[in-house]
Each structure stands twice: as structure tokens, then as C-alpha cells.
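Overview (structure and organization)
Listed here are the chains, written in short residue letters.
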Amino acid sequence: WTLGEGRGLWLGGRWLRVALLGVMGDLQAATEAYVSLAARGVADGGSSARGVFPDRLSIAPMLDVSDRHFRYLMRLLTRRAKLYTEMLVDQTLLHHLHPLHLEYFLGHDSGEAPLAVQLGGNNPETMAQAAKVCEEFGGYNEINLNCGCPSPKVSGRCFGARLMLDPDRVRRIVYEMGRQVCRTEVTVKCRIGADDRDSYQELCEFIEAVRAGGVRHLVVHARKCLLNGISAAANRTVPPLHYDVVHQLAKDFPELTFTINGGIQSLDQSLEHLAPSQVYPVPVHGVMLGRAAWHNPWCLRHTDSMIYGAPTRDDLTREEVIDRYVDYAEYMQARYGNYRCFDSNVLGWPVIQMIKPLAGLCYQEPGARLFRKELCKNHNAGNGERASIREIVDAALEEVPLFVLREHASGKGESRGYGPALPSATEASVPAVPAVAAAAAAAAAAAAAAAE
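Reading the values: the criteria
- Numbering of residues starts from 1 in every chain and runs along the sequence as written.
- Local features are withheld for residues below a pLDDT of 70 in this predicted model, meaning they are given only at 70 or higher, and side-chain atom pairs are given and counted only at 80 or more; totals for whole chains, interfaces and linings count all residues.
- Side-chain numbers here rest on the full set of heavy atoms in the structure, without hydrogens or water.
- Throughout this description, the term nonpolar core refers to a set of buried Ala, Val, Leu, Ile, Met, Phe, Trp, Tyr and Cys residues connected via side-chain atoms within 4.5 Å.
- Three exposure classes are used, based on accessible area relative to the maximum for each residue type with a 1.4 Å probe and protein chains only: buried under 20%, partly exposed in between, and exposed over 50%.
- Counting from the N terminus, the helices are DSSP H or I runs at least four residues long and the strands are E runs at least two residues long.
- Throughout, a contact is declared for two residues whenever any of their heavy atoms are within 4.5 Å.
- For the purposes of these results, a polar contact is taken to be a pair of N or O atoms within 3.5 Å, where, inside protein, one atom must be able to donate a hydrogen and its partner to accept one; residues adjacent in sequence count only when each atom of the pair is a side-chain atom.
- Axis lines are fitted to C-alpha atoms, over the contacting stretch for helices. Their N-to-C directions set the angle, which ranges from 0 to 180 degrees.
- An angle counts as roughly parallel when it lies under 35 degrees, as roughly antiparallel when it exceeds 145, as roughly perpendicular when it falls between 65 and 115, and as oblique in every other case.
- By convention, the crossing between two helices is left-handed when the near helix turns anticlockwise from the far helix through less than a right angle, and right-handed when the turn is clockwise.
- By the convention adopted, Pro, Cys, Tyr, Trp, Phe, Met, Ile, Leu, Val and Ala count as nonpolar, Lys, Arg, Asp and Glu as charged, and the other residues, Gly among them, as polar.
- The definition of a right-handed crossover adopted here requires that, viewed with the strands pointing away, the path from the first strand over the helix to the second runs clockwise.
- Strands were regarded as paired on the criterion that DSSP finds at least two bridges between them.
- Any Phe, Tyr or Trp ring, taking Trp's six-membered ring, that has another such ring centre within 6.5 Å forms a pair; planes under 30 degrees apart are called stacked, those over 60 apart edge-to-face, and the others tilted.
- Whenever a carboxyl oxygen of Asp or Glu lies within 4 Å of a side-chain nitrogen of Lys or Arg, that contact is scored as a salt bridge.

Quick look at the nonpolar core
Of all hydrophobic cores here, the largest spans 120 residues; its most connected members are Leu 93, Leu 119, Val 188 and Leu 218. Top element by residues in this core is helix H14 (residues 318-336). It accounts for eight residues. Setting aside residues up to four positions removed in sequence, Val 188 forms contacts with Asn 144, Leu 145, Cys 147, Val 174, Phe 206, Val 210, Val 215, His 217, Leu 218 and Val 219.

Let's talk about unusual backbone geometry
Residue Pro 114 follows Ala 113 across a cis peptide bond; omega there is 0 degrees. Relative to the elements of secondary structure, Pro 114 occurs in the loop between helix H5 (99-106) and strand E4 (115-120). Positive phi values are uncommon outside glycine, yet Asp 195 reaches one of about 50 degrees. Relative to the elements of secondary structure, Asp 195 occurs in the loop between strand E6 (185-194) and helix H9 (200-212).

Remarks on the environment of His 221
Its location among the elements puts His 221 in strand E7 (residues 217-225). The class of His 221 is buried, set by a relative accessible area of 8%. Separated by 22 residues in sequence, His 221 and Tyr 243 place their C-alpha atoms 8.7 Å apart. Non-local contacts of His 221, meaning those with residues more than four positions away in its chain, are made with Lys 189, Cys 190, Arg 191, Ile 192, Asn 261 and Gly 262. Of note is the side chain of His 221, whose polar atom sits 3.4 Å from the side chain of Asn 261.

Looking at the packing of H14 against helix H17 (residues 389-397)
When two helices pack together, their arrangement is given by the angle between the helix axes and by the axis-to-axis distance. Relative to each other, H14 and H17 sit at 160 degrees, their axes nearing to 10 Å. Here H14 is positioned roughly antiparallel relative to H17, judged by the angle of their axes. Viewed along their axes, H14 and H17 form a crossing whose handedness is right-handed. Facing H14, whose interface residues are Ile 322, Asp 323, Val 326, Asp 327, Ala 329, Glu 330 and Gln 333, H17 presents Ile 389, Arg 390, Val 393 and Leu 397. Residues that form the contact of H14 with H17 fall into these classes: six nonpolar, one polar and four charged.

Notes on the environment of Leu 397
Position of Leu 397 among the secondary structure elements: in helix H17. Looking at Leu 397, the relative accessible area reads 17%, which means it is buried. Setting aside residues no more than four positions away along its own chain, Leu 397 makes contact with Ile 322, Phe 371 and Leu 405.

Points about the pairing of strand E8 (residues 257-261)
Successive residues of a regular strand alternate their side chains across the two faces of the sheet. Across the five residues of E8, five count as buried, placing the element largely inside the fold. Covered by surrounding structure in E8 are Thr 257, Thr 259 and Asn 261 together with Phe 258 and Ile 260, the residues of both alternating faces. For the segment spanning E7, helix H10 (residues 243-252) and E8, crossover handedness is right-handed. For E8 and strand E9 (residues 286-289), the ladder comprises three bridges, and the chain directions are parallel. By the bridge assignment, Ile 260 is partnered in E9 with Val 287. Read as a crossover between parallel neighbours, the route from E8 over helix H11 (residues 267-274) to E9 is right-handed.

Digging into the packing of aromatic side chains
This structure, assessed with the given rule, holds eight aromatic pairs. Both rings, one in Tyr 104 and one in Phe 105, keep their centres 5.2 Å apart while their planes meet at 85 degrees; by these two values the pair is edge-to-face. For the pair shown, Tyr 104 and Phe 105 are each scored as buried. Each ring, one from Phe 105 and one from Phe 342, has its centre 5.7 Å from the other, and the planes form 10 degrees; the classification is stacked. Highlighted residues: Phe 105 in helix H5 and Phe 342 in the loop between strand E10 (340-341) and strand E11 (346-347), separated in sequence by 237 residues. Judged by relative accessible area, Phe 342 falls into the partly exposed class, the value being 25%. An aromatic cluster is defined as three or more aromatic residues linked by ring pairs; in this entry it consists of Tyr 104, Phe 105, Phe 342 and Trp 349.

Things to note about the pattern of salt bridges
Oppositely charged side chains can pair when the atoms bearing their charge come close. Under the definition given, this model contains 18 salt bridges. Put simply, Arg 179 and Glu 176 hold a salt bridge, and the shortest N to O gap is 3.5 Å. Taken as a pair, Arg 179 and Glu 176 lie in helix H8 (residues 167-180) at a separation of three residues, close to a single helical turn. Residue Arg 179 is classed as exposed on the basis of its relative accessible area of 52%. If you follow the salt bridges from partner to partner, you end up with Asp 323, Asp 327, Glu 330 and Arg 390 in one network.

Some remarks on the pairing of E6
By the criterion of burial, E6 is predominantly enclosed, with 10 of the 10 residues buried. Examined bridge by bridge, strand E5 (residues 142-147) and E6 share six bridges and lie parallel to one another. Counterpart to Ile 143 in the pairing with E6 is Val 186. As judged from the six bridges shared by E6 and E7, these two strands associate in the parallel manner. Residue pairing in the sheet places Cys 190 in a bridge with Val 220 of E7.

Written as C-alpha cells, this is what we have:
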């Protein structure tokens, strides 16, 4: 309770909840609440900002992209990056409380953790109810409030980026969400401004409002949002990027943690924001990739070693990743079917939705365009029936040279490499805590010197 800046009160309330659960005899719930707080780096009363922030790289919530199938593919490429669901509207979730419907909207593979769910809405009471539904469903270690979506459809309903025009409403929303959950952190994703409310002082007022509501981590897209006159796609490119603003926030609010988002295209670019430099003397705590992960998922294959200093699945090739994903897709269709009808409680996955995550796996490689084209064709098996997922994927793979498909994630093997090979678990000691690529390289050099 002595942590200051409001953090003590926020965490103290959660520790009080843990204690009360124990006194009332609900030891299992008390244990779950304790483990959740401890995992977030606050079990000793400290702040994750003081040590190593666990979510150094995350994959953005993207509408019609970040479904459970895309997340499954991401997890084949990186064990450590944090994954986000696409935005779920509070009213939609509360309207579909049937267990099968909740499985459709909130279902996920157990291996997807760490995993965050993003919610959209503007009513403190319904947002709190939706947050409680998400926590009770289980498997999420973060519930994120969307204050950055520029879609006219979303802003027309007065949520998304439009919430940045009403900081006090956001404060009330996150406060009510925090009251309803005890094991899950509530966070906010926002822009650096919206319309004419785009000064640094106004941004700080917004940060102070969400901090007063109990939020201790923010994901900040380093662009302002223009709510009228341009499309959602244009809002991702037209407003200029101001990374320096997000780094300034990290300096001015040392008790909070910040993840930077917007226009970052590679792991190398990510590392530029995670360590002090002349350009950014104060680093941010995490980096979020969005369209880069969607258009070129293979770029994430070195995430665990470059960002976390952990082993990478260097033995995997594109061919093996695709084969594992197809096995998963066939299992999902066998379990849930391949069509969807909420009224009949039939919630399957159409073929096109299952194969869509694979479209960028051969990005900028020979045959990539034909591979995507073949995946998206309206396939017919020849007898009036639709082709299976495996038949479609096998046909698409015929357009890609073998040296592309059989290249190992390490850049070794049957084809050309992608830059210098990274040390494997057998070649270098792996740091016990997350580290940047320099730490992994230093460990490899030390091991080589010792061997000599």
C-alpha cells in the first residue's frame, strides 16, 4: 500500500481480494489470484517497470486478422511474443453468452499464452460485465481497452479512438473493469492524439486519467487519429509517426510501462526502441508489430532469440510450419465443422478463413504471388464439392520452389540464409532472463572462447 502514485491502492485492493478469498475458504481462487499478480511482476510490491518487462514484443489486435487461427500460426513461429485477439465489442459478447457462442468468440488454444483479449465499447457498466465474462472464460492474462481504432464504423458508435476525446469516460471504464476482475490486468491501447486534441499536454492528461482508473500499462500507436475525412487504412499511414512522443511518455511516467506501436516492420527496428540510444535515450518497455506480422509472418521466426535471448525453433522450415498448421486446421474443421449459423448453434470455420493466415508465409520469395493467388482461388474438387484445406494448400505449394519451403528458420540448410545464423541452444548458453540480441551474441562469443 506504500507504492505511491496510486499504484499501491490499485494493487492493495487486489491483495485485499486475495486475502478475503483465503479467509472465506476459497483457497483455489485465492491461489489463482496470487499467481496472476506474481506473474505480472508485482508479488513483491514492485513494478514491472523496475525490472525486465515480460512482453517485450507483441502482435497487435487486428480486425478480421487476429483470430485464433492466425494466433496459432504465430505461436508456431514464436513461443514468447504476446498475442492479442481482434477487438470484441462488449455488446456483442454480452449478447452471445451461450457456451458455444463464447467458445467461438473467446476460444483459444492452450498454447497461445501469453494472450490478451481486446474489448471495445464506451459504457463503463457493460464493459465491466464483458471484462468479467472474459476473465471467467479463462486463459487471458490481460484485458485491453481499445482507444485507438480509427474505423468510422467504430468511432460513429463513440468508442475506439473517439474515446481519447473523453479521458474521464475512459477513467471510469477502466476503473469499473478493474473492479470486476481480480486475476487479469486491465490495459489501454491508444493513439498519441485524436483530431485537434493532439498536444503533448493533452496526451499527458489522457495518460493521467487512465492511471487514475488503475491502468499501469499502455500500448501507444505513435500516430494521431483523424476521425473524419479519411479511412481506417489511411489512418495507419497518413498521419506522421512520432516515436519520440512515446519515448517521452516513458521518461515522464516512470511508474508506468509503455509498448510502442505503428509502422515498425522488423525485429531489428524493434530492438532500436528497446535499448537506450542517442536517438531515444529512454527506451520503451515493449514493441507491438501489426501489419508486418500479417503480411510477413516468417519475419517473426527469430523473435525468441533476438528479443528474449531464448532458444528459437531453428529446425523448422516453412514446409514444416505449413504442414503443422494444416494438421491443426483439419482438426478444427473436424471438431467444429466448416460453416457457421448462430441461430442453430453451429459455429464452424469456413475453408477460406482457415487458410487465410498462410497467405503471407512466402512474402517476397519466388512464387509468393502465385502461392497467395492459389490459396484464394474458389477451389472445386471436380465433382461439385469444395476442395479440402490440404488439397488447396498442396496446390498452392506447387508454385513455390523447394529451396524456399525447406529453408530452416536459422537460415541454414538447403537454401540461402537470411543474414547471419543465430546461435542455437547447443551452440550458446541461453540467458536466464529475457535479453536483446547483443546478450545472446555475447554468450555465444564467451562459449566459443571457452571451447578454444
